[in-house]
Amino acid sequence: MGCTIKCDNICCGKSHAHPDVVKQLNCKFRLLRLSGSPSLLNKHLTPERFQVLKWKKTNYGMTLLDCAQTAFENPDSSVGLYAACPESYDVFGDLFDEVIMEYHGDFKKSFIHPPMDWGDASELQNIDPDGKYVISTRVRTARSLKGYPFNPGLTEDQYLEIEDKVVDALTRLEGDLKGQYVGLINMTPDEIEKMINDHILYKEGDRFLNAARAYRFWPEGRGYFYNPDKTFIVWVNEEDHMRIISLQEGGNLAEVYQRLADAVTDLSYCLEFEKHERFGYLSMCPTNIGTGIRASVHIKLPNISEDMEKLKEVAKVLNLQIRGTGGEHTESQGGVLDISNKRRLGITEIEVIREMNNGIQQLIAMEKSGGITM
Ligand code: ADP
Ligand code: ARG
């Protein structure tokens, strides 16, 4: 087919989005604008940017449609943008830069993510030494294998290839990181449900990921790894190629964090992770780049959570995020909140943990004094 687009490159079919894709984008973009979506995508995909970006295509064959379709199908998205491959962060950089800057607390275009620094876990104390508020502590990070697209662009063979490489690396772990891998394909629906309810395994069927075509070939290549104590877990091929997780009951943040640092260090001897010169470690969602770390507590704060709106405002000031008991997009059950750091980019691993630790300490102090004091 002849090229109908005037460009400096050879042919729109190769270096540009196909005209059919552009046609779809035009239609979906119009509808999104009319929807008044509150998403960062809708805010930052201005008509001027759209006119330029709609023609672009990465070397992985990914277009703006692959990155933004989650917001087109879910106008209530808060972010509404996923990278379909590592190159999306540059090819659609005008858009990603804006979304990233707003989500990660003013990470300006001139900023560069600092080198990895796990610091010294022994500086951390138990967040809740009396065991009155914190039920459990979890620290996770996201990693992508170098040279592969993210969910929207993965083929079935690539899912299986990633699974093989990750499982091979996981089976080399020693000590308390030693464990076993289970493919979802070998689990019954009841087993899956139990693991989800125990906060070990990922939920299925997230509509934001579904719209991003993240569930193609499911459950092929998907699974999870766990040690016998279930304090170290790795999710394979869910939202990211890898989610590396450390968790345990109580508030011993130092122990949880050290376990994660050890695991990531050991795994990086066997696996090469996708890294960006400005954004550090890359993952599918622009909220999870940089350190990729989300450090959370399951916590009960009955006094200060009486007024949830006020608590959310305070959390914002402290750079914290509140989720429900079952994780993102769930409600709190029995007064249990999931409170974690919000930003993961522009600060080092240990700084992320300090930010979360300081914020939680302040919330506990307010809870003890009987009310919000900010
Ligand atoms: P992610 O943390 O990977 O972004 P979610 O918010 O969906 O994803 O949470 C995944 C699972 O981890 C959920 O089951 C959630 O309840 C559980 N979880 C999160 N924080 C804690 C915690 N501190 N203790 C126990 N489980 C937790
Ligand atoms: N895509 C969803 C939204 O925009 C979630 C974004 C952040 N969470 C995540 N799991 N990546 O609302």
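What counts and how
- Residues numbered from 1 in each chain as written.
- Chains lettered and ligands numbered in written order.
- Predicted model: local features only at pLDDT ≥ 70, side-chain atom pairs only at ≥ 80, totals over all residues.
- Heavy atoms only, no water.
- Disulfide = S-S within 2.5 Å.
- Buried < 20%, exposed > 50% of the residue type's maximum accessible area, 1.4 Å probe, protein only.
- Helix = DSSP H or I, 4+ residues; strand = E, 2+ residues; numbered from the N terminus.
- Contact = heavy atoms within 4.5 Å.
- UniProt positions renumbered as here; feature names shortened; annotations may be inferred.
- Near = heavy atom within 4 Å.
- Polar contact = N/O pair within 3.5 Å; in protein donor to acceptor, adjacent residues only side chain to side chain.
- Areas by Shrake-Rupley, 256 points an atom, 1.4 Å probe, with all protein chains shown as cover.
- Nonpolar A, V, L, I, M, F, W, Y, C, P; charged D, E, K, R; others polar.
- Salt bridge = Lys/Arg side-chain N within 4 Å of Asp/Glu carboxyl O.
- Phe/Tyr/Trp six-rings, centres within 6.5 Å; stacked < 30°, edge-to-face > 60°.
- Lys NZ or Arg CZ within 6 Å of the ring centre and 35° of its normal.
- Lys, Arg positive; Asp, Glu negative; His and termini not counted.
- Core = buried A, V, L, I, M, F, W, Y, C linked by side-chain atoms within 4.5 Å.
- Pairing = 2+ DSSP bridges.

- The name given to the protein in an unreviewed UniProt entry is arginine kinase, with Psylliodes chrysocephalus as the source organism.

### A look at the state of the cysteines
Inference 1: One pass over the structure, following the stated rule, counts zero disulfides.
Inference 2: The thiol sulfur of cysteine 27 is not disulfide-bonded, and the nearest other cysteine sulfur, from cysteine 67, lies at 19 Å.
Inference 3: You can call cysteine 27 partly exposed: its relative accessible area is 38%.
Inference 4: The structure places no disulfide on cysteine 285, whose sulfur is separated from the nearest cysteine sulfur, that of cysteine 67, by 12 Å.

### Looking at the environment of leucine 41
Inference 1: When you line up the elements, leucine 41 lands in helix 3 (residues 40–44).
Inference 2: For leucine 41, a relative accessible area of 0% puts it in the buried group.
Inference 3: Beyond its immediate sequence surroundings of up to four residues, leucine 41 is in contact with Leu32, Ala68, Ala71, Val79, Gly80, Leu81 and Leu95.

### Some remarks on the UniProt feature "domain: Phosphagen kinase N-terminal" (unreviewed entry) in the protein
Inference 1: Mapped onto the present numbering, the UniProt feature "domain: Phosphagen kinase N-terminal" (unreviewed entry) falls at residues 23–105.
Inference 2: In residues 23–105, helix accounts for 60% and strand for 0%; the two terminal C-alpha atoms are 35 Å from one another.

### Section: the site of ligand 1
Inference 1: In the vicinity of ligand 1 there are 18 residues, among which Ser136, Arg138, His199, Ser296 and Arg323 approach most closely.
Inference 2: One of the side-chain nitrogen or oxygen atoms of arginine 138 is found 2.6 Å away from an oxygen atom of ligand 1.
Inference 3: In this structure, aspartate 338 approaches ligand 1 through a side-chain N or O atom, which is 3.4 Å from a nitrogen atom.
Inference 4: In the complex, the protein chains occlude 93% of the 550 Å² of accessible area that ligand 1 would expose alone.
Inference 5: For the shell around ligand 1, the secondary-structure elements that each account for two or more residues are strand 1 (134–143) and strand 8 (294–300).

### A look at the site of ligand 2
Inference 1: Neighbouring ligand 2 are Ser77, Ser78, Val79, Gly80, Tyr82, Phe208, Glu239, Cys285, Thr287, Asn288 and Glu328.
Inference 2: Take valine 79: an N or O atom from its main chain is 2.8 Å from an oxygen atom of ligand 2.
Inference 3: Glutamate 328 has a polar side-chain atom sitting 2.5 Å from a nitrogen atom of ligand 2.
Inference 4: Burial of ligand 2 by the surrounding chains reaches 93%, relative to a free accessible area of 340 Å².
Inference 5: The class makeup of the residues in the shell around ligand 2 is four nonpolar, five polar and two charged.

### Points about the pattern of salt bridges
Inference 1: All told, the structure shown has 16 salt bridges when counted by the stated rule.
Inference 2: Here glutamate 123 and arginine 354 are joined by a salt bridge, their closest N and O atoms 2.6 Å apart. Of the two residues, glutamate 123 is situated in the loop between helix 7 (93–103) and strand 1 and arginine 354 in helix 13 (residues 349–369); the sequence distance between them amounts to 231 residues.
Inference 3: We classify arginine 354 as partly exposed; its relative accessible area is 34%.
Inference 4: The closest approach of N and O atoms between arginine 243 and aspartate 240, which form a salt bridge, is 3.0 Å.
Inference 5: Because the salt bridges share partners, they merge into one network encompassing Arg49, Glu98 and Lys109.

### Observations regarding the packing of aromatic side chains
Inference 1: Summed over all chains, the structure comprises 13 aromatic pairs.
Inference 2: Aromatic pair phenylalanine 107 and phenylalanine 111: ring centres 5.7 Å apart, planes at 90°, arrangement edge-to-face.
Inference 3: On the accessibility criterion, phenylalanine 111 (37% relative accessible area) is partly exposed.
Inference 4: A ring pair is formed by tyrosine 215 and tryptophan 218, whose centres lie 4.9 Å apart and whose planes are at 85°; its orientation type is edge-to-face.
Inference 5: Accessibility expressed as a relative area gives 15% for tyrosine 215, which makes it buried.
Inference 6: Over the ring of phenylalanine 273 we find arginine 143; its NZ or CZ atom is 5.6 Å from the centre of that ring.

### Details of the side chain of glutamate 274
Inference 1: Along the chain, glutamate 274 falls in the loop between helix 11 (253–270) and strand 6 (275–276).
Inference 2: For the buried glutamate 274, no salt bridge exists, and the shortest N-O distance to an oppositely charged side chain is 4.4 Å, to lysine 146.
Inference 3: Among the polar contacts made by the side chain of glutamate 274, one reaches the main-chain amide nitrogen of glycine 147 at a distance of 2.8 Å.
Inference 4: The contacts of glutamate 274, once residues within four sequence positions are left out, are Pro86, Ser144, Leu145, Lys146, Gly147, Tyr148, Gly280, Tyr281 and Leu282.

### What about the nonpolar core?
Inference 1: Residues Met242, Ile244, Ile299, Ile339, Ile360 and Leu363 are the most contacted members of the largest nonpolar core, which totals 59 residues.
Inference 2: Here this core gets nine residues from one element, more than from any other, and that element is helix 11.
Inference 3: Isoleucine 299 has contacts with Tyr133, Val134, Gly335, Val336, Leu337, Ile339, Ile360 and Ile364, leaving out every residue within four places of it along the chain.
Inference 4: Core analysis: the next-biggest nonpolar cluster, separate from the first, contains 44 residues, Leu81, Tyr103, Leu282 and Cys285 among them.

### Considerations on the pairing of strand 5 (residues 242–249)
Inference 1: Counting buried residues in strand 5 gives seven out of eight residues, a clear majority hidden from the surface.
Inference 2: Where strand 1 and strand 5 come together, eight bridges link them in antiparallel fashion. Looking at strand 5, one finds that arginine 138 is bridged to leucine 247.
Inference 3: As paired elements, strand 4 (residues 232–236) and strand 5 share five bridges and run antiparallel to each other. From the neighbouring strand, valine 234 faces strand 5, where its bridge partner is isoleucine 244.
Inference 4: Linking strand 4 back to strand 5 in an antiparallel pair, the connection comprises five residues, with asparagine 237 at a positive phi of about 60°.

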